[in-house]
Amino acid sequence: MILEHKGIPIFYTDKGQGSVTVFLHGFLENAFMWQSISAQIPTSQRVITIDLLGHGQTGCLGYVHTMELMAEAINAVLNHLNIDKLKFVGHSMGGYVALAYAELCPEHVTGLCLMNSTAQADSEDRKTNRDRAIAAVKQNYKAFISMSIANLFSDDNRPRMVQEIADTKEQALKTPLQGIVAALEGMKIRKDRSYILQDSSFKKMIIVGRRDPVLDYESVLEQIKGTDIELIEFEDGHMSHLENKEESTYKIIQFIEK
């Protein structure tokens, strides 16, 4: 389904009845990534997936897509659907957007699952890497996509997950250059929202890969120290929904149904 927002289309899916969970994809992904998981969620649960700005079938809003701007687009969809209570499951950048929404509309959020994501802002080194990525994608779009997707999987999984990597690249190639650059610029300047993990009363779960090539495992542990956040740990990389498909799907459904 399509909602017009600030002159651009926002693509979303909406199925099932009952309590609402919104699934937000990561950088270079789109709502398609949730298809396998959502197919296993009982229809007694309402599942909404949304293409974030500049990804999938959703248009671009300028040349910097801040997490706040993306959260406003999510809010437009939820207002359109008259939803005022929801849980989030956010993968990577989708987690950053979910945190921005939780700051924008804290009264609406009843649960938050961060999958291969963090509440911390980019380090200076990470910001430098974002700038390098922007230069690389402008120079060679297809090579950037190919390298970026492969690097999300742990070293051990790349040889055995050739088809999954190819399928992920196919979806990533649907992301326009403007959408890629705007997301990189937005992630680079996002604020630290660690306080949401520490102070919010809604239930929280974090899924992490110990060998995540792009997210520091130890920093995630540090963020949740002293909290009652449920931690799900896998031995693999940044793509837990693929590298640990059965286990992560089971944990996500548990989280939704609690």
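Here, the structure is the one placed above.
1. Regarding the packing of aromatic side chains
Tallied over the full model, the rule gives 2 aromatic pairs. Here the aromatic rings of Phe88 and Tyr101 are separated by 5.1 Å at their centres, their planes lie at 70 degrees, and the arrangement is edge-to-face. Of this pair, Phe88 sits in strand β5 (residues 86-91) while Tyr101 is found in helix α3 (residues 93-104), placing the two residues 13 residues apart along the sequence. When its relative accessible area of 0% is taken as the criterion, Tyr101 is described as buried. Sitting over the face of the ring of Phe255, Lys203 holds its NZ or CZ atom 4.7 Å from the ring centroid.

2. Observations concerning the pattern of salt bridges
A complete count under the given rule lists 17 salt bridges for this structure. Here Glu72 makes a salt bridge to Lys6, at a shortest N to O gap of 3.3 Å. Pair noted here: Glu72 is in helix α2 (residues 67-80) and Lys6 is in the loop between β1 (2-5) and β2 (8-15), with a separation of 66 residues, a long-range link. Between Arg193 and Glu103 there is a salt bridge, and its shortest N-O distance comes to 3.2 Å.

Criteria and thresholds
- Residues numbered from 1 in each chain as written.
- Predicted model: local features only at pLDDT ≥ 70, side-chain atom pairs only at ≥ 80, totals over all residues.
- Heavy atoms only, no water.
- Phe/Tyr/Trp six-rings, centres within 6.5 Å; stacked < 30°, edge-to-face > 60°.
- Helix = DSSP H or I, 4+ residues; strand = E, 2+ residues; numbered from the N terminus.
- Buried < 20%, exposed > 50% of the residue type's maximum accessible area, 1.4 Å probe, protein only.
- Lys NZ or Arg CZ within 6 Å of the ring centre and 35° of its normal.
- Salt bridge = Lys/Arg side-chain N within 4 Å of Asp/Glu carboxyl O.

Bear in mind that shape data such as this cannot, by itself, settle questions of function.
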